[in-house]
Amino acid sequence: MRLSRYFLPVLRDVPKEAEIVSHRLMLRAGMIRQQASGLYSWLPLGYKALMKVQRIIEQEQDRSGAVELLMPTIQSADLWRESGRYEAYGKEMLRIEDRHEREFLYGPTNEEMITDIFRTYVKSYKDLPLNLYHIQWKFRDEVRPRFGTMRSREFLMKDAYSFDLTKDDAVRAYQRMFVAYLRTYARMGLTAIPMRADTGPIGGDLSHEWIILAETGESQVFCHRDLLDKPIPAQDTDFRGDLNPIVDDWTSLYAATEDMVDMGEYEAQVPEDKRISARGIEVGHIFYFGTKYSEPMKASVTGPDGKETIVHMGSYGIGLTRLLPAIIEASHDDAGIIWPVSVAPFEVVLINLKAGDAACDAACDGIYAELQAAGLDILYDDRDQPAGGKFATADLIGIPYQIILGPRGLKSGEAEIKHRKSGEREALPLAAAVERLRALIEPQRGTDI
């Protein structure tokens, strides 16, 4: 993509309404624009990164055996009355009526709707286990939207819902999703720690929040320091096998949110030099809630004994529009964002130091074509602007690698590559630049761990 033809409305000044680093940088980098309190347009650069996050989530959900579908944003109030949550949910639910005075709501979550789909089509235990997921926009009327898309009213979320014959089967489904989440966050360059958490309005008695440690986190968390360095399960993990050893390994070390922490237990289980008490950002939440929804909504199957059996359920959420600011909170410097390659909107930015110069333009056009042919995701800054502005833009939007071509280097047949994360610069022959970038980028794409 040529930057001269792209829509990238970067801002020089720091917006006054932005309270935290990620909100400031997302506005300045032209990723989002606020339309109203808690409502944002996703501009091309932000939307491109958001779709890369979505692709990783979909790949790991599919690998775990979950099956994707898509449910509507608007739901019937009658379904929520069946489960008993319509009146209990609170003011966060946006309730609406159509022209026929029928009651609907803008879905804040999808337990009721997915249960209705399940009970309509699934009748036998032979069709279990089943896990269905979708990625859809949701709305919660937050009393105080803040921190940009970290806590907005409209947000993009992945919901998965498991259906099993017994509690033991449901716990195995929970474990499959637990491992899938470990891999999902690691592929995005994040250290997300599973912590014991309150189930809240979703319900249930087994729950983990996935927390990224950050000073701007909304809640206090407590955990064992060794959780920051634990190895992630490999891609060839057999999700049909026994996942107990992996889950037990991760949950054997203390980790709890402030709602669930037992300070006596924490201090007894965690040596003083291993204790972490910090702020954290929630980027996902998984629940086992048994028959909370299936029983009142009569979601059952015929069991092996021929009797009707109420199914056990779980739900598993990831907030995509929370993930991007969380990644930025974890990875930035004074100059701007530092994207991990796997979720970067572009992998390389090509900087033409003297646009309009015939030799520079020809060399850049050639490298641009080679980078595209090599399968690299490239942004070409071909604008007729001073070099300082181009460098500042490249650093601000956080593209992992910059390849820089100018008259001086071209005279000696050289290009320069800048590593955004480390600041390292390396000069190399122009003919070797594309292969060098491919060697740097491909192992970091997060396709394997």
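Just above, that's the structure.
The structure contained in this document is the topic of the report that follows. (Residues numbered from 1 in each chain as written. Predicted model: local features only at pLDDT ≥ 70, side-chain atom pairs only at ≥ 80, totals over all residues. Heavy atoms only, no water.)

Remarks on the overall build of the protein
So, step 1. Secondary structure assignment for the protein yields twelve helices and 23 strands.
So, step 2. Scaling as 2.2 N^0.38, a compact globule of 449 residues should have a C-alpha radius of gyration of about 22 Å, and the protein matches this with 24 Å.
So, step 3. For the protein, the spread of C-alpha atoms along the principal axes amounts to about 80 × 60 × 45 Å.
So, step 4. Considering the protein as a whole, with its 449 residues, one finds that 52% of them fall into the buried category.
So, step 5. The long-range fraction of contacts in the protein, counting pairs at least 24 apart against all pairs at least 6 apart in sequence, stands at 72%.
So, step 6. For the protein, the distance from the average site of its 55 positive side-chain charges to the average site of its 69 negative ones is 4 Å. (Helix = DSSP H or I, 4+ residues; strand = E, 2+ residues; numbered from the N terminus. Rg over C-alpha atoms; globule rule 2.2 N^0.38 Å. Buried < 20%, exposed > 50% of the residue type's maximum accessible area, 1.4 Å probe, protein only. Contact = heavy atoms within 4.5 Å. Lys, Arg positive; Asp, Glu negative; His and termini not counted. Charge placed at Lys NZ, Arg CZ, Asp CG, Glu CD.)

Details of the sheet that holds strand β6 (residues 103–106)
So, step 1. Taken together, the three strands give an open sheet; going across it, the order is β4-β6-β5, and neighbouring strands pair in antiparallel fashion. At either end of the open sheet lies a strand with only one pairing partner, and these are β4 (74–76) and β5 (94–97). When strand polarity is set aside, the average angle formed by the axes of neighbouring strands in this sheet is 40°.
So, step 2. Where β4 and β6 come together, three bridges link them in antiparallel fashion. Paired with Gln-75 across the bridge in β6 is Leu-105. (Pairing = 2+ DSSP bridges. Axes fitted to C-alpha atoms, helices over the stretch in contact; angles between N-to-C directions.)

What about the sheet that holds strand β19 (residues 348–352)?
So, step 1. Ordered by their spatial adjacency, five strands build an open sheet running β20-β19-β21-β22-β23, and the pairing between neighbours is mixed. This sheet does not close on itself; its edge strands, each paired only once, are β20 (378–381) and β23 (425–429). Pairwise comparison of adjacent strand axes, ignoring direction, gives a mean angle of 25° for this sheet.
So, step 2. Of the pairings in the sheet, the one linking strand β21 (residues 401–405) to strand β22 (residues 414–419) comprises four bridges and is antiparallel in character. For Ile-403, the partnering residue across the bridge sits in β22 and is Ile-417.
So, step 3. The strands touched by helix α12 (residues 433–441) are β19, β21, β22 and β23; relative to β22, the strand with the most contacts, the crossing angle is about 15°.

A short note on the environment of Thr-321
So, step 1. When you line up the elements, Thr-321 lands in helix α8 (residues 320–330).
So, step 2. Its relative accessible area of 2% is what places Thr-321 among the buried residues.
So, step 3. Measuring from C-alpha to C-alpha, the distance between Thr-321 and Val-283 comes to 9.3 Å, with 38 residues separating the pair along the chain.
So, step 4. Excluding anything up to four places from it in sequence, Thr-321 contacts Trp-42, Leu-50, Trp-137, Thr-149, Met-150, Phe-155 and Leu-156.
So, step 5. Here the side chain of Thr-321 touches Leu-156 through a polar contact of 3.1 Å, landing on its backbone nitrogen. (Polar contact = N/O pair within 3.5 Å; in protein donor to acceptor, adjacent residues only side chain to side chain.)

Topic: the environment of Lys-167
So, step 1. One can find Lys-167 in helix α5 (residues 167–187).
So, step 2. Taking the C-alpha atoms as reference points, Lys-167 and Gly-90, 77 residues apart in sequence, are found 29 Å from one another.

Considering the packing of helix α1 (residues 21–28) against α8
So, step 1. It is at 8 Å that the axes of α1 and α8 come closest, and there the two elements cross at 105°. Taken together, the axes of α1 and α8 are roughly perpendicular relative to one another. Residues Val-21, Ser-22, Leu-25 and Met-26 of α1 form the contact with α8, whose own contacting residues are Leu-324, Pro-325, Ile-328 and Glu-329.
So, step 2. Looking at the contact of α1 with α8 residue by residue, the class counts come to six nonpolar, one polar and one charged. (Parallel < 35°, antiparallel > 145°, perpendicular 65-115°, else oblique. Nonpolar A, V, L, I, M, F, W, Y, C, P; charged D, E, K, R; others polar.)

A closer look at the pattern of salt bridges
So, step 1. In this structure the tally under the stated criterion is 33 salt bridges.
So, step 2. When the shortest N-O distance is used, the salt bridge between Arg-153 and Asp-141 registers 3.3 Å. Taken as a pair, Arg-153 in the loop between β7 (130–139) and β8 (154–164) and Asp-141 in the loop between β7 and β8 lie far apart in primary sequence, twelve residues in all.
So, step 3. On the basis of relative accessible area, Asp-141 is assigned to the partly exposed category, the value being 29%.
So, step 4. Its salt-bridge partner being Arg-438, residue Glu-435 comes within 2.7 Å of it at the nearest N-O pair. With Glu-435 and Arg-438 both in helix α12, this residue pair falls three residues apart, about one helical turn.
So, step 5. Residue class for Glu-435 comes out partly exposed when judged on its relative accessible area of 44%.
So, step 6. Owing to a relative accessible area of 28%, Arg-438 belongs among the partly exposed residues under this scheme. (Salt bridge = Lys/Arg side-chain N within 4 Å of Asp/Glu carboxyl O.)

Remarks on unusual backbone geometry
So, step 1. Between Leu-128 and Pro-129 the backbone carries a cis peptide bond, its omega angle lying at 0°.
So, step 2. Phi is positive for Glu-101, which is not a glycine, with a value near 65°.
So, step 3. Its place among the elements puts Glu-101 in the loop between β5 and β6.
So, step 4. Not every positive phi belongs to a glycine, and Phe-147 is a case in point at roughly 60°.
So, step 5. Structurally, Phe-147 is set in the loop between β7 and β8.

Some remarks on the packing of aromatic side chains
So, step 1. Taken as a whole and judged by the stated rule, the model has 13 aromatic pairs.
So, step 2. Summarising the aromatic geometry, the rings of Tyr-181 and Tyr-185 are spaced 5.9 Å apart at their centres and angled 85° between planes, so their arrangement reads as edge-to-face. Taken together, the residues span about one helical turn, with Tyr-181 and Tyr-185 both in helix α5 at a distance of four residues. Each member of the pair, Tyr-181 as well as Tyr-185, is classed as buried.
So, step 3. Relative to Trp-210, the ring of Tyr-181 lies with its centre 5.6 Å away and its plane at 50°, an arrangement referred to as tilted. In this pair, Tyr-181 sits in helix α5 while Trp-210 sits in strand β10 (residues 206–213), placing the two residues 29 residues apart along the sequence.
So, step 4. When its relative accessible area of 0% is taken as the criterion, Tyr-181 is described as buried. (Phe/Tyr/Trp six-rings, centres within 6.5 Å; stacked < 30°, edge-to-face > 60°.)

Focus on the pairing of β8
So, step 1. With ten of its eleven residues buried, β8 lies for the most part within the structure.
So, step 2. Sheet topology places β7 next to β8; ten bridges connect them, and they run antiparallel. Counterpart to Phe-139 in the pairing with β8 is Glu-154.
So, step 3. Two elements, β8 and strand β16 (residues 312–319), share eight bridges in a ladder whose sense is antiparallel. Among the inter-strand pairings, Ser-162 is bridged to a residue of β16, identified as Gly-314.

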